[in-house]
Amino acid sequence: MQAANWIYHGVENYLQHVRKFNRNIRLLLVIAAFSYFAQGIFSVDFNLYILSLGILPDGLGRILSAAPFAHMLAAIPVGFLAEWFGFRKSFLVIYALTGLALLSQAISPNVVLITAAAFMSGLAISGDFVVRLPFIAANTEGPERNHVFGVDALLTGIFFALGALAAGHLPNLLTFLSPDETVRYRFTLYLAGIVMMLAVIPVLLMKDRPLLQRRKISLAPYLWAMDRFTRRGATIEFFLGLTFGLVVPFMNVFFLYRLGTTREYFSSIEALVFFPAMIATAIGPVLAGRWGQVNTFKVARFTAPVCMLAMALTSLPIIGAVFYWIYKAQFNMSQAIWFSYGMETSAPRAKAALSSWLEISYQFGMMVSAPLTGILLMQSNYATPFYLAGAAALVAAVLTHFFMGKPVSVREPAQAAEEF
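Thresholds applied
- Think of each chain on its own: its residues are numbered from 1, step by step along the sequence as written.
- Note on the predicted model: pLDDT of at least 70 is required for a residue's local features to be given, and 80 or more for side-chain atom pairs to be given and counted; whole-chain, interface and lining totals, by contrast, use all residues.
- Side-chain measures were taken over the full set of non-hydrogen atoms in the model, leaving aside hydrogen atoms and water.
- Secondary structure counts use DSSP, requiring at least four H or I residues in a row for a helix and at least two E residues in a row for a strand, with both numbered from the N terminus.
- Here, nonpolar core means buried Ala, Val, Leu, Ile, Met, Phe, Trp, Tyr and Cys residues that are tied together by side-chain atoms lying within 4.5 Å of each other.
- The rule is simple: take the accessible area with a 1.4 Å probe, protein chains only, and divide by the maximum for that residue type; under 20% is buried, over 50% is exposed, in between is partly exposed.
- Any two residues whose heavy atoms approach within 4.5 Å are treated as being in contact.
- With axes taken as lines fitted to C-alpha atoms, and helix axes fitted only over the stretch in contact, angles between N-to-C directions fall between 0 and 180 degrees.
- Should an angle fall under 35 degrees it is taken as roughly parallel, and over 145 as roughly antiparallel, whereas 65 to 115 is taken as roughly perpendicular and any remaining angle as oblique.
- Two helices crossing with the near one rotated counterclockwise from the far one by less than a right angle form a left-handed crossing, whereas a clockwise rotation gives a right-handed crossing.
- Note on aromatic contacts: the rings of Phe and Tyr and the six-membered ring of Trp form a pair at centre separations within 6.5 Å, being stacked when their planes are under 30 degrees apart, edge-to-face when over 60 apart, and tilted otherwise.
- A pocket, in this scheme, is an open set of points on a 1 Å grid over the protein atoms alone with protein on both sides within 12 Å along at least 5 of 7 lines, while a cavity is a set where a 1.4 Å probe fits but cannot get out; residues line either one if an atom lies within 4 Å of a point.
- Grid points are joined across faces, edges and corners, and a volume is the space filled by probe spheres set on the points.
- Whenever a nitrogen or oxygen atom comes within 3.5 Å of another N or O atom, the pair is scored as a polar contact, on the condition that within protein one atom can donate a hydrogen and the other can accept it, and that pairs from neighbouring residues in sequence are kept only if both atoms are in side chains.
- The patch calculation keeps residues exceeding 30% relative accessible area without a salt bridge and links them within 9 Å when they carry like charges or within 5 Å when they are nonpolar (Val, Leu, Ile, Met, Phe, Trp, Tyr).
- Each accessible area is a Shrake-Rupley estimate made with a 1.4 Å probe; only the visible protein chains count as cover when residues are assessed.
- By definition, a salt bridge exists where a carboxyl oxygen of Asp or Glu is found within 4 Å of a side-chain nitrogen of Lys or Arg.

A.B. asks: I tried to follow unusual backbone geometry on my own but got confused; where do I start?
C.D. replies: Both trends apply: most residues other than glycine have a negative phi, and most peptide bonds are in trans. Even without glycine at this site, Ser380 takes up a positive phi of about 55°. One can find Ser380 in the loop between α16 (351–378) and α17 (384–403).

In structure tokens form, the structure reads like this:
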């Protein structure tokens, strides 16, 4: 009954705050719909497309590590350039190039070309996170920020789920194009690329903040003057990325080849993750209001190791699905609150640097984990990635407990320029 009340109050709070969102925030939510629908399609069909080409799991692992590597390299330059060019131009480049890169990954069966396209995709999409956080911070104030991050997480979950559900059935609907399953996968991925490029349309309708042409933009907050909060947050994000990268990009392989499900079954699992994610996201701000932001994301992160252990041990698809849903729900909720807390706690001039370093460290964890899981899958070892992910999740939770036990006072470096 208490949980039902939390959900009710959470939904009521969201509806009240959504009406107050400004034009830029609403357009950002439309962008998220296009972007995450496309990513949902890729999440289900890309790995299966690669394996249908005859590429082995270790090759798949190397391909999947290319985008995180690009994310890691691009995070600081993208954040730096976004400060100079502004949000609108940055978003235009991000979504146009990402759409082209997704199309390019399906054009050729050559592993080198696919990896290069995945790398290009990583370079472009890295800006989605790096620019999104300071963009939301610049267009929101006070308690509203929690709700924007929450609604953003909710909508990305909804459209990712819809894309995943579509991906399970589109290859069957495209049998009129070819009896070859690989060809049908390829055209499904083409559709994802086109949808991603449609995100450019709402970007064109945005109103950019006036650029301060004479301002001096400094690399100091990104490098030598990085504050303690950014260092601590980046350390935690590395282990969160390690946890995620070890298992989530390969979840379709795990369900199909270990638990014996079908592509349609997995796409339904990926789509239904929306419901626990919606509940968790609705409850999140209510819990944060009662317990505090730090306590809320701290408790949530201690559930992740349990989920990883359960998925490592189970041989039942429904048990795997339930713990996968719980993991994704707590991840979405805790990250939304964590990002909101980070944007509130960091100094004005350190916000772009914080989002860049959170992205770098998270993607570094993703990059080093994907090839390792690919090698383990080559040996038909499906449990060990979950054990390793559980250990990484436990480290992330413990570090969150000790690093974020008390609010950290963050000072803006003396060398920093004006607020972004």
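Having seen it, we continue.
A.B. asks: Honestly, the nonpolar core in this entry has me stumped. Any pointers?
C.D. replies: Across soluble globular proteins, you tend to see nonpolar side chains buried next to one another. Of all hydrophobic cores here, the largest spans 102 residues; its most connected members are Phe91, Tyr95 and Met251. Among the elements that line this core, the one with the most residues is helix α2 (residues 23–52), at 14 residues. When sequence neighbours within four positions are dropped, the list of residues in contact with Met251 reads Phe266, Met311, Tyr324 and Phe386.

A.B. asks: What should I look at first to understand the packing of α2 against helix α7 (residues 181–197) in this one?
C.D. replies: Packed helix pairs are characterised by how far apart their axes lie and by the angle those axes make with each other. The geometry of α2 relative to α7 is characterised by a closest axis approach of 9 Å and an angle of 155° between their N-to-C directions. With respect to α7, the element α2 is oriented roughly antiparallel. Once α2 is placed against α7, the crossing between them reads as left-handed. Where α2 abuts α7, its residues Phe34, Ser35, Phe37, Ala38, Gln39, Ile41, Phe42, Asp45, Phe46, Leu48, Tyr49 and Ser52 lie against Thr182, Tyr185, Arg186, Thr188, Leu189, Leu191, Ala192, Val195 and Met196.

A.B. asks: Help me understand the packing of aromatic side chains in this model?
C.D. replies: One pass over the full model with this rule turns up 15 aromatic pairs. When the ring of Phe42 is compared with that of Phe46, the centres are 5.3 Å apart and the planes differ by 15°; the resulting orientation is stacked. Residue Phe42 and its partner Phe46 are located together in helix α2, separated by 4 residues, close to a single helical turn. For the ring pair Phe255 and Phe266, a centre distance of 5.6 Å and an interplane angle of 45° mean the geometry is tilted.

A.B. asks: I would appreciate a short explanation of the layout of surface pockets in the present structure.
C.D. replies: Taken as a whole, the second largest pocket spans an internal volume of roughly 210 Å³. Counting only elements with at least two residues in the lining of the second largest pocket, the list comes to α12 (274–291), α13 (293–301) and α15 (317–345). At 6 residues, α12 tops the list of elements feeding residues into the lining of the second largest pocket.

A.B. asks: In this structure, what is going on with the side chain of Ser334? I would like to understand it.
C.D. replies: The topology assignment puts Ser334 in helix α15. Among the polar contacts made by the side chain of Ser334, one reaches the main-chain carbonyl oxygen of Gln330 at a distance of 2.7 Å. At 3.3 Å, the side chain of Ser334 and the backbone oxygen of Phe331 are in polar contact. The residues contacting Ser334, other than those within four sequence positions of it, are Phe297, Ala300 and Arg301.

A.B. asks: Any chance you could explain a nonpolar patch on the surface here in plain terms?
C.D. replies: The grouping of Tyr265, Leu316, Ile318, Ile319, Val322 and Ile326 at the surface amounts to a nonpolar patch, some 470 Å² of accessible area in total. Among the elements that line the nonpolar patch, the one with the most residues is α15, at 4 residues.

A.B. asks: Would you mind going over the environment of Phe323 with me for this structure?
C.D. replies: The residue Phe323 is located in helix α15 in this model. The exposure class assigned to Phe323 is partly exposed, which follows from its relative accessible area of 23%.

A.B. asks: Just checking my understanding: could you explain the side chain of Ser178 for this structure?
C.D. replies: Looking at where Ser178 falls in the secondary structure, it is placed in the loop between α6 (144–173) and α7. The class for Ser178 is buried, based on a relative accessible area of 12%. At 3.0 Å, the side chain of Ser178 and the backbone nitrogen of Asp180 are in polar contact. Residues contacting Ser178, with those up to four places away along its chain left out, are Val183 and Arg184.

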